[in-house]
Number of protein chains: 2
Amino acid sequence: MNKPSIPKGTRDFGHEETSRRNYIFNTIQSVFRLYGFQQIETPAMEQMSTLMGKYGEEGDKLLFRIQNSGEKAGEAPEKGLRYDLTVPFARYIVMHRQEISFPFKRFQIQPVWRADRPQKGRYREFYQCDVDVIGTESLVSELELIEIVKEVYRRLGLRVVLKLNNRKILAGIAEYIGAPDKIIDITVAIDKLDKIGEEKVKEELIERGLSEESVRLLQPILALRGTNEEKLQTIADLVKDSETGTKGVEEIRTVLRLYQASGQGNEDTEAFSVELDLTLARGLNYYTGAIFEVKSRDVQIGSITGGGRYDNLTGIFGLPDVSGVGISFGADRIYDCLSALDLFPPESGSQTEVLFVSMGEEEMLNAIRWAGVLRSQGRRVEVYPDPAKMKKQLAYADANHIPYVAIIGSEELASQTVTLKDMHTGEQNRLTLTQLTSYLEQHT
Amino acid sequence: MNKPSIPKGTRDFGHEETSRRNYIFNTIQSVFRLYGFQQIETPAMEQMSTLMGKYGEEGDKLLFRIQNSGEKAGEAPEKGLRYDLTVPFARYIVMHRQEISFPFKRFQIQPVWRADRPQKGRYREFYQCDVDVIGTESLVSELELIEIVKEVYRRLGLRVVLKLNNRKILAGIAEYIGAPDKIIDITVAIDKLDKIGEEKVKEELIERGLSEESVRLLQPILALRGTNEEKLQTIADLVKDSETGTKGVEEIRTVLRLYQASGQGNEDTEAFSVELDLTLARGLNYYTGAIFEVKSRDVQIGSITGGGRYDNLTGIFGLPDVSGVGISFGADRIYDCLSALDLFPPESGSQTEVLFVSMGEEEMLNAIRWAGVLRSQGRRVEVYPDPAKMKKQLAYADANHIPYVAIIGSEELASQTVTLKDMHTGEQNRLTLTQLTSYLEQHT
């Protein structure tokens, strides 16, 4: 038998990693709930017809297909693993529209699978945490998503910048530079601004068929600096002849005004700020209004949250004109940020509090009884299952970071006590059961 | 575009189902943690070499195989979806044995996939909740699993019977009736006692090659009634010449004695009892010691929890002689029991508490501000995102079971108040923000 392994790009999570991941999921989901979002779950596998053609040609190739062992090899598998949470959600809305009361506020925290080439920070199985409002065009939803981002990262202790743009402004810019049909080329190119710099972007734009004049007009927009208000003034002026562009400027103004009015916006700080970024274009073909992206101020890791408004999510499944807006938190990258900055809470709240160590069979019966009493008080307690050597039992407590050890030897048995050892300080106390429970109340 | 659907045997879970399922998972896992079990997670996909041959010929056929879209059709897929949590756990122990300090107490709550024919109560994707101790032969572990079962079902409010047997007793019985080589046939047959009755079991035993004499000797064992102690006396006497059988009786006696000593066993009640069942044989080829099975007293649904001791879990992956004992809670069946008996708590604790209803744009700004204040106090609050008709906004509160609605019209705006409506009683109160927060403190 060869040494067992796991498929490349997948991971085992030990209990420490699992508890840290749960800390992230729980933080995110408790903020979602503060805003009235409700959790749903969809199956890991979807019909291939649901998945195919939704992620572009490249995406189709990255789908994992599922075959029953009973099926003949070569037979086209009709099922595939979920590639994201958005398409299953669109499918869910269409299938369950009779039960749903709109606006529908849902969140979903589940793994997705992609047959991407595995590399540092990129896995074939990873979790997404998606939150969406469906069935309203109100910009209050955009505001709430911004507030959610702010509160999640406040709770996690991560300093972030939320970048904001609007697809309609991008359309307005394309009109302004005289290339309305080139909007996709323009945004694909300027999306790379961070990576390849302004000169290369200009080269790419020329290659993609933009005129020298268009590129000249675009240049000051790429170089735009200043406060959100200054940028908005400039861009409003540039796109003033574009109906769509002007609408986009208005939408951003409204979102920023709501953010001010909410009482949260007065405190743009190092910990959180909203910055207008006219070069932000992610997933353009998809989004129709607001576009969001969140980056850590302190860790270079790319976007840790992103999303936007889409006006026709469910159209692909035959239910047109349902507008929605949503964002997705990338749990793996958030994990890496918290690790890099050592921001995980020291106590995961899941650790065993007391280990009973017994020196014989009779002592162990006492340990079992006492452990039962402590557990009925809600304490997490273990009984070392054998009357092994003291050293071995203490080593177990050490390895598992258990802060207190309650030792029962013959003396303790005779006097119906335990010797409680504080594993950090080494301090020992002989305690009755009543004393033990009050000691733990005071010390934990 | 055809109407979208999901693969047969899979399910969508709306927010009410998800919250009820979470209630079950959370209850189970908080009891696991009381006993010091730590959570791990393994990938959804495993190497086919890890899975094949572990579940018998029938099981191999029920594996879901995974293929990258990039792979050629007909090429043998080398990955498959997890079929249970036990084999991945064995693989995990072998891969991570250097990091693990034994005894290793882990739990795992994740979905598994089987290409079974879907039918009522049987799905192709379902959750298992497994808890195991690895690396000790101590019967204290068996005791703790019994205590865990008792506490989980006490918290869930389900009345259950835990049936207990020992594989060594089954071996002793096979020796006693003169058919030690027929132990598998015997147990396969008597496992059906509940379903087909004693006469049919006897017929099957004869068909399987047992002598008339063997069947005659087995009969009183099948018919054995009485208290646990009475049954143990009888069986101890019958298997007294079998070393293995005698060891099995001793093990059960020890577990029952520990259970008495723990202070829990004195209260065998309608809510929970431990019953010796010498015909219990589930998964015999696997188990080597204790065998457990739990049934609801009030819902006919088969076993809702089961497990046992296995002496060689990791041997298949090249790490022999690691004894372990574990049980698995079947979340789907538990869900069905709680539904049938209407035992889910009325409040899931995830519902929105207050919906702000505003009659105009300016009013909505106030609603956003007030909602922010309530959320900072930890309340789950929604702002209806449009100043729609009052009726529409109240219908949303109704549909989402939101208990309080805070209405802001022009009068409330002018006086910086809300009209708080209790959606159950219809009672209305005009409140300032301070009054609102203290009202909610008193009423929720």
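Here, the structure is the one placed above.
Residues numbered from 1 in each chain as written. Chains lettered and ligands numbered in written order. Predicted model: local features only at pLDDT ≥ 70, side-chain atom pairs only at ≥ 80, totals over all residues. Heavy atoms only, no water.

Enquirer: Explain the pairing of strand β14 (residues 404-408) of chain B to me, please; I cannot follow it from the model alone.
Expert: Consecutive side chains of a regular strand alternate in pointing toward one face of the sheet and then the other. All names here are of chain B. Of all five residues in β14, five are buried, a share of seventy percent or more. Neither face of β14 is open: one carries Y404, A406 and I408, the other V405 and I407, and all of them are buried. Direction of pairing for strand β12 (residues 354-358) relative to β14: parallel, over a ladder of five bridges. Bridge pairing in β14 places V354 opposite Y404. Sheet topology note: the β14/strand β15 (residues 418-422) ladder contains four bridges and is antiparallel. Note on β15: the bridge partner recorded for Y404 is D422. (Buried < 20%, exposed > 50% of the residue type's maximum accessible area, 1.4 Å probe, protein only. Helix = DSSP H or I, 4+ residues; strand = E, 2+ residues; numbered from the N terminus. Pairing = 2+ DSSP bridges.)

Enquirer: I would appreciate a short explanation of unusual backbone geometry in the present structure.
Expert: Glycine aside, residues mostly have negative phi angles, and peptide bonds mostly take the trans form. Looking along the chain, the bond that leaves F102 of chain A and enters P103 of chain A is cis, with omega of -5°. The residue P103 of chain A is located in the loop between α4 (86-95) and β5 (104-113) in this model. The residue D321 of chain B is not glycine, and still its phi comes out positive at about 60°. As for its position among the elements, D321 of chain B is in the loop between β10 (303-310) and β11 (324-330). With relative accessibility at 70%, the residue D321 of chain B sits in the exposed group. The backbone phi angle of Q416 of chain B is positive, close to 50°, even though this residue is not glycine. As for its placement among the helices and strands, Q416 of chain B is situated in the loop between α15 (410-415) and β15. Accessibility expressed as a relative area gives 39% for Q416 of chain B, which makes it partly exposed.

Enquirer: Could you clarify how one ought to interpret the packing of helix α6 (residues 167-176) of chain A against helix α7 (residues 183-190) of chain A in this entry?
Expert: If you want to describe how two helices pack, look at the angle between their axes and the distance between the axes. All names here are of chain A. Their axes nearest at 9 Å, the elements α6 and α7 cross at an angle of 110°. With respect to α7, the element α6 is oriented roughly perpendicular. The two elements α6 and α7 meet at a crossing, and its hand is right-handed. Two secondary-structure elements touch here, α6 through R167, L170, A171 and A174 and α7 through I183, I186, T187 and I190. (Axes fitted to C-alpha atoms, helices over the stretch in contact; angles between N-to-C directions. Parallel < 35°, antiparallel > 145°, perpendicular 65-115°, else oblique. Left-handed = near helix turned anticlockwise from the far one by under 90°. Contact = heavy atoms within 4.5 Å.)

Enquirer: Is there a simple way to think about helix α10 (residues 228-238) of chain A in this case?
Expert: In an α-helix, one turn spans 3.6 residues; hence positions three or four apart end up facing the same way. All names here are of chain A. For α10, the complete set of buried residues consists of N228, K231, L232 and I235. With its buried residues spanning 100° around the axis, α10 presents them on a single face. Tucked inside the fold, the buried residues of α10 contact α6, α9 (212-222), α11 (243-261) and β8 (272-276). (Arc of directions from axis to C-beta.)

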